[in-house]
Amino acid sequence: MLSGRFESLPVSQMLSLPHKPEQVFNRDWRMLNVEYLVIGSVMAVADNRYRVSYSLYNVFKQAVELKQTIEGDASELRDLAHFVSDSVFKLLTGIEGAFSTRIMYVTASGPLANRIYRLHVADADGYRVETMLESKEPILSASWSRDGRYIAYVSFEVDSRPAIFLRDVVNGTRQQLTNFPGLNGAPAFSPDGKQLAIVLSKDGNPDIYTLNLADRRLRRVTRHYGIDTEPSWSPDGKGIIFTSNRGGQPQIYQIQLADLSVERLTFEGDYNAKASVLPDGSGIVMVHRRNGIFHIAMLDLQRGRLTVLTETSLDESPSIAPNGSMLIYATQVDGEGILAAVSVDGGVKFNLPSSEGDVREPAWSPQKRRMFKPLSD
């Protein structure tokens, strides 16, 4: 599994391929130091419909720990596989899996004088790409609502000025939320989905505001002569993490919404930006510059320890999986922008399938794409 928590055995090294628990020869798997087996079958049960039966077998206990049967249409075969992975992951780790979630990202293609920008949504592993929006103007800072129903993004399509839009993913309708003079950017949904944290420069320098989505009421959160940008909410919704150069260089700060008190979070390095908080609040991931190269790093907020997670250059825009185990980010390979993933401990790294054009600004969805009700346990 591409989760950073398991090491899978290549099929070529397996001594047998059991499909039922009674076909498992425990001695063979113990010799290979395999602790668990996921075994099962896929069977056509009707026109365009399939039944997946699987078991999670504990080799050392010689016991089945999970057994389920689920059904779906042919178009849902990938969703069925993701559901199995999520179920196994949760039983083994106690953490919700993220295999059934989605990612969103922007691509830019074509000559510089006539670029086409597209907003895409895909499975978390990069497959089944859907184009949500296409424009001749840049698309920036797309983010998900907590329930996965809405996305907010920045577009320059109205008079070539930045504006924030809200799009309903289900029915495709959208509405323009802001049209203030100057910068309108970096929308981020609050955990309860009722507000957006945004960046506006209508009152002078770029500052952080909150926008109530029900009544469109604005609240100015930061007031500083420096640049405050890239807001991200704390998991409890009581604070906002943001990037500011108020200390002379880009660093990460946190502001408490109750009293607007500000605390600086990062001190190591001369550049830290684009931070997001882990779901449990224990740390933040961010873009960190070291020796002149931009990497993705994680700061443990309890121990104050900073760990660089990526070894590539020009890494940007990290986005955390809803279970906190992995993150995706944009990077460069052979001069082309691609998406890559890394586990939060840095142990697992892989590139996602390439999309057409230069890929940037990924965002991991908080909501699972499809759930299935088991026919049996």
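Source: prediction; values computed, not measured.

Visitor: Before we move on, could you go through the overall build of the chain and cite the residues and values that matter?
Guide: Across its full length, the chain carries two helices and 27 strands. Computed over C-alpha atoms, the radius of gyration of the chain comes to 23 Å, within 12% of the 21 Å expected from 2.2 N^0.38 for 377 residues, which places it in the range of a compact globule. Overall, the chain is about 70 × 50 × 45 Å in size when its C-alpha atoms are taken along their principal axes. Here the chain holds 377 residues, and 49% of them are scored as buried. Nonlocal contacts in the chain, meaning residues at least 24 apart in sequence, comprise 36% of its contacts between residues at least 6 apart.

Visitor: Can you tell me about the pattern of salt bridges, naming the residues and giving the values?
Guide: Tallied over the full model, the rule gives 20 salt bridges. Ionic pairing is found between Lys90 and Glu96, a salt bridge with its closest N-O pair at 2.7 Å. Its relative accessible area of 41% is what places Lys90 among the partly exposed residues. We classify Glu96 as partly exposed; its relative accessible area is 38%. A salt bridge links Asp300 to Arg303, with the nearest nitrogen and oxygen atoms 2.8 Å apart. What makes Asp300 buried here is its relative accessible area of 13%.

Visitor: Could you give an account of the pairing of strand 11 (residues 184-189), with specific residues and numbers?
Guide: Counting buried residues along strand 11, six of its six residues qualify, which places the element largely inside the surrounding structure. One ladder, built from four bridges, connects strand 11 with strand 12 (residues 195-200); its direction is antiparallel. Opposite Asn184, over in strand 12, you have Leu200 as the bridge partner. Between strand 11 and strand 12, which pair antiparallel and follow one another directly, the connecting turn spans five residues, one of which, Gly193, has a positive phi of 75 degrees.

Visitor: Go over the pairing of strand 15 (residues 228-233), please, and point to the residues and values.
Guide: As defined by bridge partners, strand 15 adjoins strand 16 (residues 239-244) across four bridges and the pair is classed as antiparallel. Across the sheet, the residue bridging to Trp233 is Ile240, located in strand 16. Between strand 15 and strand 16, which follow one another and run antiparallel, lie five residues, and Gly237 among them has a positive phi close to 75 degrees.

Reading the values: the criteria
- Residues numbered from 1 in each chain as written.
- Predicted model: local features only at pLDDT ≥ 70, side-chain atom pairs only at ≥ 80, totals over all residues.
- Heavy atoms only, no water.
- Helix = DSSP H or I, 4+ residues; strand = E, 2+ residues; numbered from the N terminus.
- Rg over C-alpha atoms; globule rule 2.2 N^0.38 Å.
- Buried < 20%, exposed > 50% of the residue type's maximum accessible area, 1.4 Å probe, protein only.
- Contact = heavy atoms within 4.5 Å.
- Salt bridge = Lys/Arg side-chain N within 4 Å of Asp/Glu carboxyl O.
- Pairing = 2+ DSSP bridges.

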